[in-house]
Each structure stands twice: as C-alpha cells, then as structure tokens.
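# Remarks on the overall topology
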Amino acid sequence: MSDKRLKPLLSRFKVKAHHYELYLAAFTHPSVNLGEHKVEDYQRLEYVGDSVLGASIATLSYKLRKDLHEGELTRLRSSLVDTNGLSRLAYQYEFAKYIKVGPSFKTDLNKSPKILEDVFEAFIGAIYLDRGFDYTFKVVERIFKDKIIHFNYEASVDYKTKIQELCQADHHTDLSYRVMSKHGPANNPSFKVGLYYDGVCLGYGFGGSKKKAEQAAAKAALNKLAKGK
C-alpha cells in the first residue's frame, strides 16, 4: 500500500496491522465514492465495530466495576460508546486529520461528531477483522480501562430528566423547582431547592449551585416516589 498516512495513528494505539487496507477503509468517508473510483469506505466496518466495541466495554465493565448493578452498568456502557463519548475520543486522538474525504466534502470534521463516532467504530471493526477479538479487546482495554474504573454513576444521572419524563407519562406538566433558602458567601453558596409537583413538594435537595440542588431535589423526589410515600 502506497498510502501510509495511518502509520503514526496505528503506532499510537500500538496496533500492528496485517491487512492495512482495512484501516484505510475505516478512515475513508463515503464522499470519496461520489467520483468514478469506487473504494471501500467506513460504513460496513462501522457496523462491525459497533458490536465489538459494545461487547468489549460490557465485559470490561462487568469485570472492573463489581460495585455496579445491571442498570448502572448499562448507563456506564452507553456513556462511553454514545456519539458524545466516541467523538470526544476521536477528537482527542486527532482522527480528523487521517480521514480521507471526497472533493465535494466541505464540512469541518472536528465539528461532525457523528462522523467521528462512525470512524472510531470502523477503526475498532478494522482491528477486529484484522487481528481477532482477543487482540481488539486489549486495545479497547487500554483506551477505556481508566474511564471505566473512574466512572461516577451519580454524576452521569440526569435526575431532572427522569422525573420530567415520569410526570409527562402521567399527563401532568406542573413541575417546578423553587429556591427554598440560600446560605454562605457569594463565592461558596449553598442552595436548598424544592421540587414541586401540582403545588406539592415532592422533595428537596442541597447543592453549591442551583443546578446541583435541583438534581438533588429530583433524586430525593424519585426515591420518595419509588417508596410509594
């Protein structure tokens, strides 16, 4: 292969390619095929990589986070492999400068999270097809191990959205947050916020900002509703 543009990236991931053309395909945007020369792009590889990455993250999460139950493991996995998670990684590793696009493509790749996500998954798919699952698993482990170990479940949960969805399902929309008190200096305040549903306080929470106190109030309300109180 005369196109050696991916060598530095493969070296960064400690990947030794047996079939280099797979990696070239993983970093080829479909716009390249708008011309006469048809080459493989990342779309089919992305399909493979999505499955391999999901299985690898699930396995690693199960082994490394014995403190999390099934629902928490699901949130952990989804937070790492969703568009935001994978596009951030692709940006971190400067994937954009390795992606080959057609002459008609004018978009800034670093501002195209879905493309970056797809290419990251295609890259994993290429490693899997080239070197097999065990090899790919080790690559995924090097990338994600610390992220899995240090995943903060509480920080990842949007309790406000969860209770909003619950209220909407019950055909009620009168949900509001009210500051009940504020203490402390301006540079280190403490808020107490109550969550009101049809005029009734479902719960309250504390935080160093209104947003954090609102999340705490939503969490308290959800716990109260779960207990049937």
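Higher on the page you've got the structure.
This section reports on the structure supplied with the text.

## Here we look at the overall build of the protein chain
In terms of helices and strands, the protein chain carries 10 helices and 3 strands. Secondary structure elements of the protein chain occur, N-terminal to C-terminal, as α-α-α-α-α-α-α-α-α-β-β-β-α. Over its C-alpha atoms the protein chain spans a radius of gyration of 23 Å, topping by over 25% the 17 Å that the globule rule assigns to 229 residues. Viewed in the frame of its principal axes, the protein chain has a C-alpha envelope of about 70 × 40 × 40 Å. In the protein chain, buried positions account for 41% of the 229 residues. Looking at the protein chain alone, contacts between residues at least 24 apart form 54% of all its contacts between residues at least 6 apart. Entry remark: accessible area of the protein chain is about 13,300 Å², with carbon and sulfur atoms responsible for 51%. When the 36 positive and 27 negative side-chain charges of the protein chain are each reduced to one mean point, those points stand 7 Å apart.

## A closer look at a nonpolar patch on the surface
Together, Y128, L129 and F133 make up an exposed nonpolar region whose accessible area comes to about 250 Å². Mapped onto the fold, Y128 is located in helix 6 (residues 113-131). Y128 gets classed as partly exposed once you look at its relative accessible area, which sits at 31%.

## What about the packing of aromatic side chains?
Here the structure, examined in full by the defined rule, presents 11 aromatic pairs. Here the aromatic rings of F13 and F95 are separated by 6.1 Å at their centres, their planes lie at 70°, and the arrangement is edge-to-face. Of this pair, F13 sits in the loop between helix 1 (7-12) and helix 2 (20-26) while F95 sits in the loop between helix 5 (83-92) and helix 6, and the two are 82 residues apart along the sequence. Both residues of the pair, F13 and F95, belong to the buried class. The structure contains a cluster of three or more aromatic residues connected by ring pairs, namely F13, Y23, F27, Y93, F95, F120, F123 and F144. Taking the ring centre of Y20 as reference, the NZ or CZ of K4 above it sits at 5.6 Å. Positioned above the aromatic ring of Y204 is the side chain of K192, whose terminal nitrogen or guanidinium carbon lies 4.4 Å from the ring centre.

## Points about the layout of surface pockets
A probe matching the size of a water molecule, rolled over the atoms, marks out where space remains unfilled. By volume, the largest pocket amounts to about 240 Å³. If you list the elements that add at least two residues to the lining of the largest pocket, you get helix 4 (70-81), helix 5 and helix 7 (133-149). Top contributing element to the lining of the largest pocket by residue count: helix 5, with 5 residues. Of the residues that constitute the lining of the largest pocket, the class distribution is 4 nonpolar, 4 polar and 3 charged.

About the cut-offs
Residues numbered from 1 in each chain as written. Predicted model: local features only at pLDDT ≥ 70, side-chain atom pairs only at ≥ 80, totals over all residues. Heavy atoms only, no water. Helix = DSSP H or I, 4+ residues; strand = E, 2+ residues; numbered from the N terminus. Rg over C-alpha atoms; globule rule 2.2 N^0.38 Å. Buried < 20%, exposed > 50% of the residue type's maximum accessible area, 1.4 Å probe, protein only. Contact = heavy atoms within 4.5 Å. Areas by Shrake-Rupley, 256 points an atom, 1.4 Å probe, with all protein chains shown as cover. Lys, Arg positive; Asp, Glu negative; His and termini not counted. Charge placed at Lys NZ, Arg CZ, Asp CG, Glu CD. Patch = residues over 30% accessible without salt bridge, like charges linked within 9 Å, V, L, I, M, F, W, Y side chains within 5 Å. Salt bridge = Lys/Arg side-chain N within 4 Å of Asp/Glu carboxyl O. Phe/Tyr/Trp six-rings, centres within 6.5 Å; stacked < 30°, edge-to-face > 60°. Lys NZ or Arg CZ within 6 Å of the ring centre and 35° of its normal. 1 Å grid on protein atoms, 1.4 Å probe; cavity = no way out; pocket = protein on both sides within 12 Å on 5 of 7 lines; lining within 4 Å. Points joined across faces, edges and corners; volume = space filled by probe spheres on them. Nonpolar A, V, L, I, M, F, W, Y, C, P; charged D, E, K, R; others polar.

All we've got here are geometric facts, nothing functional implied.
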